[in-house]
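Residue-level listing of the chains:
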Amino acid sequence: MIVAQRKPLSEIITKMEAYKKIIVAGCETCVAECHAGGRKEVELLASQLRIAFSQKMAPVEIAECCIERQCEPEMIEPCSEQIMAQEAVLSIACGIGVQQMAERFPNLPVFPGLNTTFLGTHAKPTQWEERCAGCGNCVLDLTAGICPIARCSKSLLNGPCGGAQDGKCEVSDDIPCAWAEIVERMTKCGKRDQLRQIIPCKEWNTARDGGPRRLIHEEAAP
Amino acid sequence: MKSGSRLEQLLARGEFVVTAELGPPMSADVEVIAKKAELLRHTADAFNVTDNQTAVVRMSSIAASVLCLKSGLEPIMQMVCRDRNRIAMQSDILGAVALGIRNCLCISGDHQSFGRAGKLLGHPGAKNVYDIDSINQIRMFRQLRDEGKFQGGDPVKGQVPLFIGAAWTPLGDPVDFRVIRLGKKIAAGADFVQTQGVYDIERFADAMKKARAEGLHEKTAILAGIIVPKSAGMLKYMNNSVAGVSVPEALIRRMSEAADQKAEGVAIAVELIRDIRKIEGIRGVHIQPVEWESIMRTISDKAGLLPRPEIPDA
Amino acid sequence: MKHIIVYRCQQCGGRQKLFKENWVREFVLTCAGQLEPIHILRAFEDGEFGVCLMHCEPGACRTLAGCQAAIRHVKYARQLLEEVGIHPERVKTICCQPAGDLHMELNLFLDHLKHLDGHGSAPAPDVSERKKA
């Protein structure tokens, strides 16, 4: 899933101050899962904004809506009448949802209320962790299902580097050394000797480095 | 000869080689290099020129290496994977060779977050390059030199004489994988290897035993790293915070109890060199007097490493 | 008129309303865990004085985890309120006590809220006419 985090409230307030009719638009999928932009978060943020703007004696109407998946144009439609009646949209979906809103409502200023961060998983209670870098050429079978591109700070294909200490990355104690974990899991499966093979250079043209990507699926035509 | 460098020639002759380090300045000041060169001249056979070490911007390794050459020192240009993609790396190697550089040490490089430390702001927001890792970097340079081909497959005209180096952290985490990784670097084409600083002779000897069991000491020249300690505080710091450096308690105690810690540091370094020479498979030492270039001559002298051997002009 | 909004778990004083004061608006809950952060924020949107949650002893909760959930919800609500300049001490939690003590605690809370007012930590102006488009 896509993981995002709400922007600092002060940043949101500064950006939205100029408008008198704002709608907070959430998304019920990924950002709801990580408690950043779902229905509850829409209600709470709208409430905070009402309190904040009333303190400034600024009469602002804050509306609320929540879209099942803000990245799907058809799903935005049911809320479109409500949205078009506003002066500005504060989208607390991921960056994709924000862009869909901007595309659907080109005459309305659309503001991102979240910072979209990574593709990850709910690794443990209260904690989401990055798992996938979207490199476009998945070779997870070579590294016991642990992605060195996303989970090694240096994206090494033949790690670990000399910076690992006590199973942690040199960048931070919060980051496990991905290669220590790969070596451990490969060893447990009796496959450690496979790591003697040099994994050749990554070709980054399938990743974002090759330019923005697209996928065409003729079979998916309506 | 792969490169004809002094380092390569001495190793080929079976000499016990000595390398040292020269850190470029955080400026464009050529005088700094010239002064360090004076302190280091004839104390070692070749000198590592670091590449934006700890992600702090310094004069480039290639430029500083050329200045070393001008001062009569043989450089070992270091090139990290953090800042350059494969295009820039190959380009810089062609340039380096064109300017007379013959040795290159291939390393991953500290993450850019390291640049923000102490009083320095660094550039923690810099884009993370790491296009290829050090093992693929070694392989790429070997391909340039031995097959006359760029990494992408295009041919290279002419020779690219280069003596390729790698780093080894024998006591790094996870310890039992480190010899395997050394093997990969050698298979990729590492002609020589410099280790992280050794203080625990016993544990290092054990790692060397494992390396010898795989015949690695014969496929490459392993040079043991010696970091010259200045104080007990420095030893404690390295033991706790520098990955792969393990300092025995007894050594820390010895340093704490010394009347003159700097003199003790010199003595410790000299003893480490003496003990490491006894380990089978060690072909030299890489001495690092951190922020203390002036002590290099004393160390080389006391360790019986002077004078350095001559290379007759061809 | 500004009120203290009281949310009281029924384990803590029974199902009948306990507070007759005109500055109290009391809601009796089956379990304190039913109180969501949004309920707390709404009280301040409406310009109320403060919110008080009366909950049972953590080990005594009949829904086992409800009390813990309540405490978490209050903590979260306090963070959100602080972001908009509402002092976190305007939300109070009181663990179950005999009724007489609850009255006393509530009065102490009222005094504290007046103290916060007096020291420049005013609650939001009354926005009970808030509109939802």
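Residues numbered from 1 in each chain as written. Chains lettered and ligands numbered in written order. Predicted model: local features only at pLDDT ≥ 70, side-chain atom pairs only at ≥ 80, totals over all residues.

**Some words on the overall build of chain A**
Move 1: The number of helices and strands found in chain A is 8 helices and 7 strands.
Move 2: The C-alpha atoms of chain A give 22 Å as radius of gyration, which overshoots the globular expectation for 222 residues (17 Å, by more than 25%).
Move 3: With respect to the three principal axes, the spread of C-alpha positions in chain A is 65 × 45 × 25 Å.
Move 4: Here chain A holds 222 residues, and the buried ones make up 39% of them. (Helix = DSSP H or I, 4+ residues; strand = E, 2+ residues; numbered from the N terminus. Rg over C-alpha atoms; globule rule 2.2 N^0.38 Å. Buried ≥ 20, exposed ≤ 12 C-beta atoms within 10 Å, placed from the backbone.)

**Focus: the sheet that holds strand S7 (residues 221–227) of chain B**
All names here are of chain B.
Move 1: A barrel is described by the order of its strands in space; here 8 strands give the closed sequence S1-S2-S3-S4-S5-S6-S7-S8, paired in parallel fashion. Pairwise comparison of adjacent strand axes, ignoring direction, gives a mean angle of 30° for this sheet.
Move 2: Sheet topology note: the strand S5 (residues 163–168)/strand S6 (residues 192–197) ladder contains 4 bridges and is parallel. Residue Ala166 lies in a different strand from S6, and its bridge partner there is Val193. (Pairing = 2+ DSSP bridges. Axes fitted to C-alpha atoms, helices over the stretch in contact; angles between N-to-C directions.)

**Considerations on the domain arrangement of chain A**
Move 1: Per the domain assignment, the segments of chain A are domain 1 (2–117) and domain 2 (133–204).
Move 2: Each of domain 1 of chain A and domain 2 of chain A has a C-alpha centre, and these two points are 38 Å apart. (Domains from an automatic or database assignment.)

**Looking at the interface of chain C and chain A**
Move 1: Listed by partner, the interface residues are 18 residues for chain C and 17 residues for chain A.
Move 2: Those elements giving two or more residues to the side of chain C that touches chain A turn out to be helix H1 (37–45) and helix H2 (66–83) of chain C.
Move 3: Ranked by residue count, the leading element in the side of chain C that touches chain A is H1 of chain C, at 6 residues.
Move 4: The class makeup of the residues in the side of chain C that touches chain A is 11 nonpolar, 1 polar and 6 charged. (Contact = placed C-beta atoms within 7 Å. Nonpolar A, V, L, I, M, F, W, Y, C, P; charged D, E, K, R; others polar.)

**Quick notes on the packing of helix H2 (residues 30–40) of chain B against helix H3 (residues 61–70) of chain B**
Residue and element names in this part refer to chain B.
Move 1: The N-to-C vectors of H2 and H3 enclose an angle of 50°; their axes lie 10 Å apart at closest approach. Here H3 runs oblique to H2, going by the angle between their axes. Like other packed secondary-structure pairs, H2 and H3 cross with a definite hand, here right-handed. Counting all contacts with H2, which are made through Val30, Ile33 and Ala37, the residues of H3 involved are Ala64, Leu67 and Cys68.
Move 2: Here the residues of the contact of H2 with H3 sort into 6 nonpolar, no polar and no charged. (Parallel < 35°, antiparallel > 145°, perpendicular 65-115°, else oblique. Left-handed = near helix turned anticlockwise from the far one by under 90°.)

**Some remarks on the interface of chain B and chain A**
As a measure of interface size, the accessible area lost when the parts come together is often cited.
Move 1: Of the residues lining the interface, 27 residues belong to chain B; the matching set on chain A comes to 25 residues.
Move 2: If you list the elements that add at least two residues to the side of chain B that touches chain A, you get helix H5 (134–146) and helix H6 (178–188) of chain B.
Move 3: Ranked by residues supplied to the side of chain B that touches chain A, first place goes to H6 of chain B with 5 residues.

**Notes on unusual backbone geometry**
Move 1: Put simply, Gly159 of chain A and Pro160 of chain A share a cis peptide bond, and its omega is 0°.
Move 2: Cis geometry is adopted by the peptide bond preceding Pro307 of chain B, which originates at Leu306 of chain B and carries an omega value of -5°.
Move 3: Residue placement: Pro307 of chain B occurs in the segment after helix H12 (296–302).
Move 4: The phi torsion at Ser155 of chain A lies on the positive side, around 50°, for a residue other than glycine.
Move 5: Looking at the secondary structure, you find Ser155 of chain A in the loop between helix H7 (148–151) and helix H8 (178–188).
Move 6: When the 23 C-beta atoms within 10 Å are taken as the criterion, Ser155 of chain A is described as buried.
Move 7: Despite not being glycine, His42 of chain B shows a phi value in the positive range, around 65°.
Move 8: For His42 of chain B, the location among the structural elements is in the loop between H2 and strand S2 (46–49).
Move 9: On the basis of neighbour count, His42 of chain B is assigned to the partly exposed category, with 13 C-beta atoms found within 10 Å.

**Side note on the nonpolar core**
Move 1: One finds Phe47, Cys104 and Ile226 of chain B to be the most contacted residues of the largest nonpolar core, which totals 90 residues.
Move 2: When residues of this core are assigned to their parent elements, the largest contribution, 7 residues, is made by helix H11 (residues 261–277) of chain B.
Move 3: Apart from residues no more than four positions distant in its own chain, Ile226 of chain B is found in contact with Gly197, Val198, Ala269, Leu272, Ile273, Val285, His286, Ile287 and Gln288 of chain B.
Move 4: In terms of nonpolar packing, the next biggest core, distinct from the first, is built from 75 residues, Cys30 and Val110 of chain A together with Met54 and Val91 of chain C among them. (Core = buried A, V, L, I, M, F, W, Y, C linked by C-beta atoms within 7 Å.)

**What to know about H1 of chain C**
Residues and elements named next belong to chain C.
Move 1: The buried fraction of H1 amounts to 7 of the 9 residues, a majority that puts the element mostly inside the structure.
Move 2: Among the residues of H1, those classed as buried are Pro37, Ile40, Leu41, Arg42, Ala43, Phe44 and Glu45.
Move 3: Among the residues trailing H1, Gly47 stands out with phi positive, at a value near 80°.

**Some words on the confidence of the model for chain C**
Residue and element names in this part refer to chain C.
Move 1: Taken residue by residue, chain C gives an average pLDDT of 86. The fraction at 70 or more is 89%.
Move 2: At the level of individual helices and strands, chain C shows its lowest average pLDDT in helix H3 (residues 99–118), which scores 89, and its highest in H1, which scores 97.
Move 3: The model gives residues 124–133 a pLDDT under 50, and that stretch makes 27 contacts with residues more than four places away or in other chains.
Move 4: Scored by ipTM, the complex comes to 0.92, with pTM at 0.90. (pLDDT = per-residue confidence, 0-100.)

**Topic: the sheet that holds strand S3 (residues 61–67) of chain A**
Residues and elements named next belong to chain A.
Move 1: Here 4 strands make up an open sheet; going across it, the order is S3-S2-S4-S5 and the pairing parallel. The sheet is open, and its two edges are formed by S3 and strand S5 (110–112), each paired on a single side. Along the sheet, successive strands turn relative to each other by an average axial angle of 25°, direction set aside.
Move 2: In this structure, strand S2 (residues 21–27) lies alongside strand S4 (residues 88–91), joined through 4 bridges in parallel fashion. From the neighbouring strand, Val24 faces S4, where its bridge partner is Leu90.

**Some thoughts on the pairing of strand S3 (residues 75–80) of chain B**
Residues and elements named next belong to chain B.
Move 1: Of all 6 residues that make up S3, 6 are buried, and the element is covered over most of its length.
Move 2: On S3, burial covers both faces: Pro75, Met77 and Met79 on one face and Ile76, Gln78 and Val80 on the other are all buried.
Move 3: Bridge count between S2 and S3: 3 bridges; the pairing is parallel. Residue pairing in the sheet places Asn48 in a bridge with Ile76 of S3.
Move 4: Note that the unit made of S2, H3 and S3 has a crossover that is right-handed.
Move 5: Between the parallel pair S3 and strand S4 (residues 103–107), the chain is carried across by helix H4 (residues 86–98), and the sense of this crossover is right-handed. (Right-handed = clockwise from strand over helix to strand, strands pointing away.)

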